Amino acid sequence: MPGKRTDVVVIGSGVIGASVALELARRGRQVTVVDKAGGAGHGSTSASSAVVRFNFSTAAGVATAWEAHFGWRSWAEHLGREVGPLARYVRCGMAMLDVDVAPRSVYLPLFRNAGIPFEEWTSVDLSERIPGIDVGRYWPPKRIDDDEFWAETGTTLGAVYTPDAGYVNDPQLAAQNLAAAARAHGAEFRFHTSVRGIERAHGRVTAVTLADGSRIPCGVVVNAAGPWSTRINELASVGSDFTVGCRPLRQEVAHVAAPVGFGADNRAGICVADMDLGIYLRGEAGGGLLVGGTEPECDPLQWVDDPDAVTAHPTTAVFEAQVTRAARRLPALEIPNRARGVVGVYDVADDWTPIYDRTELNGFYVAMGTSGNQFKNAPVVGKFLAAIIEQTENGVDHDERPVRFVGEHTGLAIDLSAFSRKRPRGTANSGTVLG
Ligand SMILES: Cc1cc2nc3c(=O)[nH]c(=O)nc-3n(C[C@H](O)[C@H](O)[C@H](O)COP(=O)(O)OP(=O)(O)OC[C@H]3O[C@@H](n4cnc5c(N)ncnc54)[C@H](O)[C@@H]3O)c2cc1C
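Let me begin by describing the structure that accompanies this report. Counting restarts for each chain: residues are numbered from 1 in the order of the written sequence. In keeping with the model being predicted, local features are shown solely for residues with a pLDDT of at least 70 and side-chain atom pairs are shown and tallied solely at 80 or more, while totals for entire chains, interfaces and linings include all residues. Computation of side-chain values: all heavy atoms of the structure, hydrogens and water removed.

All right, on to the overall build of the protein chain then. Secondary structure elements follow DSSP: runs of H or I of four or more residues count as helices, runs of E of two or more count as strands, with numbering from the N terminus. Secondary structure summary: the protein chain contains 9 helices and 22 strands in total. Against the compact-globule benchmark of 22 Å for 435 residues, the protein chain has a radius of gyration of 21 Å, which places it among compact chains. Projected onto the principal axes, the alpha-carbon positions of the protein chain cover approximately 70 × 45 × 40 Å. Relative accessibility under 20% of the residue-type maximum defines a buried residue, over 50% an exposed one, and the middle range a partly exposed one, all with a 1.4 Å probe and only protein chains included. Sorting the 435 residues of the protein chain into buried and exposed places 57% on the buried side. The atom set for the radius of gyration is the C-alpha atoms, and the globule formula is 2.2 Å times the number of residues raised to the power 0.38.

This is the structure we're talking about:
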């Protein structure tokens, strides 16, 4: 079936694909976004805790998160078009509790270089700033049926506090805002539209074929299919030169009532990254608390082959483990006897760092491997891809001369080879969602 030609097809309308579409449409490209779901942000974006923090293990990771957070803080300006009700940035701050596997000595120099404000807290500061918190150091994280789980400890921990961290109150709405702004710049969105194949000729992508048998001829394709991204790469027969692979990982985030005193005056409490117990905590205005996991070694990881086959209901076992750990840290927290929360899927790269790059197939690009930590970066990821595509399509090899991206808010230079598909498999990353 013949189809209308477009410059670029973006596969996936999550927060990443919608951001890529906006930046390309802004630059005058004719963009068609296809998504098999019924609307923007219905994939893994919809389950996101949407925490915005700056702790990453590399200079590029820290600089990207710091640059991106200004996009959230000036969301209407970032979108540049009137798009109706907006997602909102809640600047509640984050306390990263001390842990030897991600020591201050690694990330504070990166904060200083990037100009990120922070406060170093002792355990006394921590107990004053987060009333009711238990400042015990319990490393390593344990299963809750381990006899040692409730063992007393003689040592305490402090934290590094970043006042500018926070969260976006509605991640799906954020993706919809980006899609609406892209549409206002001329992008077309086609929902309930599943990609079934990628056509090529003479080493270059030529069209995307759809489940209904139709095709969209195009010069450029961006794979932003989240946990389905490896499948899309397989359809395109790319990946032979990737040093980093990606796999879908099932995740649960528990929703409970915050203990009294966590957050004052109906405001969200400070976010807490607690690798010491293997959890993160994110408050909500009005008294809710989200409890997620940081992949402690004692818990089995739930790798999945098919993201569509993931059961959507939280399990009692994971809920109890996460909430009991949260109650170790916040002893006033009550543990409900019914599991409540969300289930989502991460697209985990081997080194928990995303891949924003071209591929060996000319015209085929990827924004994948977002590893449970790239919602926060969505405002700049679209710009990264636009810069990589522009340079590559103008004949400059991004592999040989990687794009050096300069953040418009921070002036920080970010070498995008940090997100290359061919990067060396280093050990700098935390091996967890913290990146
Ligand atoms: C439980 C959970 C908590 C998280 N918490 C945080 C956090 O606190 N902070 C943070 O920064 N990040 C967090 N993340 C990560 C962040 O949410 C993701 O990195 C981000 O949302 C990924 O967006 P995406 O657009 O790449 O993928 P998705 O939102 O999954 O979008 C991919 C889209 O591709 C479409 N698609 C797939 N296959 C096809 C096909 N064949 N044809 C057409 N369309 C297709 C899907 O329908 C989907 O809409 C979390 C993720 C999860 C799951």
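Basic side-chain nitrogens of Lys or Arg form a salt bridge, by our definition, when they fall within 4 Å of a carboxyl oxygen of Asp or Glu. In this structure the tally under the stated criterion is 27 salt bridges. One salt bridge connects Arg-104 with Asp-98, and the closest N-O pair in it is separated by 2.8 Å. The buried category is assigned to Asp-98, whose relative accessible area is 15%. In this structure, Asp-274 engages Arg-329 in a salt bridge whose closest nitrogen and oxygen atoms are separated by 2.7 Å. On the criterion of sequence distance, the pair formed by Asp-274 in strand 14 (residues 271–274) and Arg-329 in helix 8 (residues 316–329) is long-range, its members being 55 residues apart. By relative accessible area, Arg-329 is classed as buried at 0%. The network of salt bridges with common partners includes Asp-241, Asp-357, Asp-399, Arg-421 and Lys-422.

Further remarks concern helix 2 (residues 59–73). Here helix 2 is 15 residues long and its end C-alpha atoms lie 22 Å apart, about the 21 Å a rise of 1.5 Å per residue gives. Here helix 2 lies mainly inside the structure; 12 of its 15 residues are buried. By this rule, a helix spans an expected 1.5 Å times one less than how many residues it contains.

Glancing now at the side chain of Asp-134. Structurally, Asp-134 can be placed in the loop between helix 5 (123–129) and strand 7 (159–162). When charges are counted, Lys and Arg contribute as positive and Asp and Glu as negative, whereas His and the chain ends are disregarded. Look at Asp-134: it is buried, it has no salt bridge, and the nearest opposite charge is Arg-328 at 4.2 Å. Within 3.5 Å is the distance limit for a polar contact, defined as a pair of N or O atoms, with the added protein rule that one can donate a hydrogen and the other accept it, and that residues adjacent in sequence qualify only through two side-chain atoms. Polar side-chain contacts of Asp-134 include one of 2.7 Å to the backbone nitrogen of Gly-136.

One heavy atom suffices: a residue is near a molecule or strand as soon as one of its heavy atoms comes within 4 Å of it. Near the ligand there are 37 residues, and of these Asp-35, Ser-44, Thr-45, Val-51 and Lys-376 occur at the shortest range. Contact between the ligand and Thr-45: an oxygen atom at 2.5 Å from a side-chain N or O atom of the residue. Val-195 has a polar backbone atom sitting 2.9 Å from a nitrogen atom of the ligand. In this description, accessible areas are obtained by the Shrake-Rupley approach with a 1.4 Å probe, and a residue is regarded as covered only by the protein chains that are shown. Alone, the ligand offers 1,000 Å² of accessible surface; in the complex the protein occludes 97% of this.

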